[in-house]
Amino acid sequence: MFTRILRAPMPLTIGVVLSLTFLVMDNAAFSQGELSRGQLVGRDFLTHWTAARLAEDGNFDAIYVPQQLANHLPQPVRDSGALHFFAYSPQILPALAPLSALDYHWALVAWSLGGLLAFVLAACPRSPDSGVTWILLLAPTTALNLSFGQNGLFTAALLVGGLRLLDSRPALAGLLFGLLTIKPQLGILIPLALAAGGYWRVMIWAVMGALCLSALSLSLYGPEPWQAWFRAEPWGYARNFLETGTGAGIFMQVSPFVSARLVFDNLATAWTLQLVALLLAMAGSVWAFRYVKSPLHRASMLVTATFLASPYAHNYDMAALSLLLIPYLLQTPQTRGEQIAYLVIAAVWLIPLLCMPLAALGLPVAPLVLMVFLMVSWHTQQAHKNKRSTDVAER
């Protein structure tokens, strides 16, 4: 394994070193039996597991009201005073239900292994590639999701899996997009892209998948969790977090809004720049699904645009983009233009981990890196299109 890593392209090797360093540093306190940032090992997973148990008991208000949720967390976590919030709609509760049968640590192991399995299968759906598997297991976004106990590996598998199945299995692609509605900010551009590409069958299946997921939640738990969710108004919490949040949580954001807010300290300016980024992301997605023939380039442009379109975007959710970057990183650039593009791709691979210390230093550059990558992708596609036109003319 280590020989393969040492022979890997430099960005991948750097990513492995950063990932391992981050895992050690972010979990150092846990090895000494202490809390870290008011959290247990597994961090955000604690709220997922607690929500599953509360749903099993029918205590839905306690899921969505932070003050009540805190009463069901371990005593050391409560004593820390750290705020814990569960914002997901009740659509996710059926998926979390099996966790309620396990104690916390075994549930965390199952969650982590399940995420890794889904992540690897999305990268190698037909025949597992050991090289790609090791790259993914040691990728920066993998380290983030494992350390934070987040669901980014699962949502990456849903998003990238759906994009890869668009032409071959449209019904399954749509169902995967429907499941992705548990995290709607990751699917913000999917309807527009599907319409631009004429994937109407996929869109119909996506709607059916989302409705079935909601119906499953209603059949298992009734309307009470939905009523509790609407009463809690988690969208209000999210906006307050974006506009006033500080510290590690806000440094994990990669959206144009948060970066602009940190730089300019002006909400009007930040929202204006976010709107501009949204319009550019929408235009880029439409262009990609209308004119880009390569499924890989088309998917990478859409996923990149997604993180520019949403004001609420975490670094661990960039696992979806990590899945799509590997073929680019395994190439050997030849021309000067290809070398520049390769450096940009390497920056996108590493930025999920680097964005946090950079933002803390006053350099929230993640959206700029994503924007440059989107521009490089567009320029590359135009160059290939022009080259094909020239070759046809010469014949």
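This text gives an overview of the structure that appears in the document. Values in this document were obtained by computation on a predicted structure and should not be read as measured data.

Rules behind the numbers
Residues numbered from 1 in each chain as written. Predicted model: local features only at pLDDT ≥ 70, side-chain atom pairs only at ≥ 80, totals over all residues. Heavy atoms only, no water. Helix = DSSP H or I, 4+ residues; strand = E, 2+ residues; numbered from the N terminus. Contact = heavy atoms within 4.5 Å. Core = buried A, V, L, I, M, F, W, Y, C linked by side-chain atoms within 4.5 Å. Buried < 20%, exposed > 50% of the residue type's maximum accessible area, 1.4 Å probe, protein only. Polar contact = N/O pair within 3.5 Å; in protein donor to acceptor, adjacent residues only side chain to side chain. Phe/Tyr/Trp six-rings, centres within 6.5 Å; stacked < 30°, edge-to-face > 60°. Lys NZ or Arg CZ within 6 Å of the ring centre and 35° of its normal. 1 Å grid on protein atoms, 1.4 Å probe; cavity = no way out; pocket = protein on both sides within 12 Å on 5 of 7 lines; lining within 4 Å. Points joined across faces, edges and corners; volume = space filled by probe spheres on them.

1. Quick word on the environment of Leu350
Item 1. Relative to the elements of secondary structure, Leu350 occurs in helix H23 (residues 336-360).
Item 2. Distance from Leu350 to Leu192, taken between C-alpha atoms, is 29 Å for residues 158 residues apart in sequence.
Item 3. Aside from chain neighbours lying at most four places away, what touches Leu350 is Pro11, Ile14, Gly15, Leu18 and Pro140.

2. Points about the nonpolar core
Item 1. Membership of the largest hydrophobic core comes to 80 residues, with the highest contact counts inside it found for Leu163, Leu166, Phe177, Phe289, Leu325 and Trp349.
Item 2. If one sorts the elements of this core by residue count, H23 sits on top with eleven residues.
Item 3. When residues no more than four places from it in sequence are discounted, the contact partners of Leu166 are Ala173, Phe177, Leu194, Tyr199, Val202, Phe289 and Arg298.
Item 4. Residues Tyr64, Leu69, Tyr104 and Trp111 belong to the second largest nonpolar core, which totals 30 residues.

3. Focus: the side chain of Ser259
Item 1. When you line up the elements, Ser259 lands in helix H19 (residues 256-264).
Item 2. The exposure class of Ser259 is buried, given its relative accessible area of 7%.
Item 3. A polar contact of 3.1 Å, which involves the side chain of Ser259, links it to the backbone oxygen of Pro364.
Item 4. Ignoring sequence-local partners within four residues, the contact set of Ser259 consists of Pro364 and Pro367.

4. Regarding the packing of aromatic side chains
Item 1. For the structure shown, the criterion picks out 20 aromatic pairs.
Item 2. Here the aromatic rings of Trp49 and Tyr104 are separated by 5.5 Å at their centres, their planes lie at 75°, and the arrangement is edge-to-face. One end of the pair, Trp49, is in helix H4 (residues 45-57); the other, Tyr104, is in helix H9 (residues 104-123), and 55 residues separate them in sequence.
Item 3. Ring geometry for Trp287 against Tyr291: centres 6.4 Å apart, planes inclined by 50°, an arrangement best described as tilted. Remark: Tyr291 and Trp287 occur in helix H20 (residues 267-291); sequence separation between them is four residues, near one turn of the helix.
Item 4. A relative accessible area of 47% means that Tyr291 is categorised as partly exposed.
Item 5. Among the aromatic residues, those joined into a cluster by ring pairs are Phe45, Trp49, Tyr104, Trp111 and Phe154.
Item 6. The aromatic ring of Phe289 is capped on one face by Arg298, whose charged end is 5.2 Å from the ring centroid.

5. Description of empty space enclosed by the protein
Item 1. Within this structure, the stated rule accounts for two cavities of 30 Å³ or more.
Item 2. The space that makes up the largest cavity amounts to roughly 40 Å³.
Item 3. Put simply, the parts of the chain that give the lining of the largest cavity at least two residues each are H9, helix H11 (140-148) and helix H12 (152-164).
Item 4. Per-element tally for the lining of the largest cavity: the top contributor is H9, with three residues.
Item 5. The calculated volume of the second largest cavity comes to roughly 30 Å³.
Item 6. Lining the second largest cavity are Phe251, Gln253, Ser259, Cys355, Ala359, Pro364, Val365 and Ala366.

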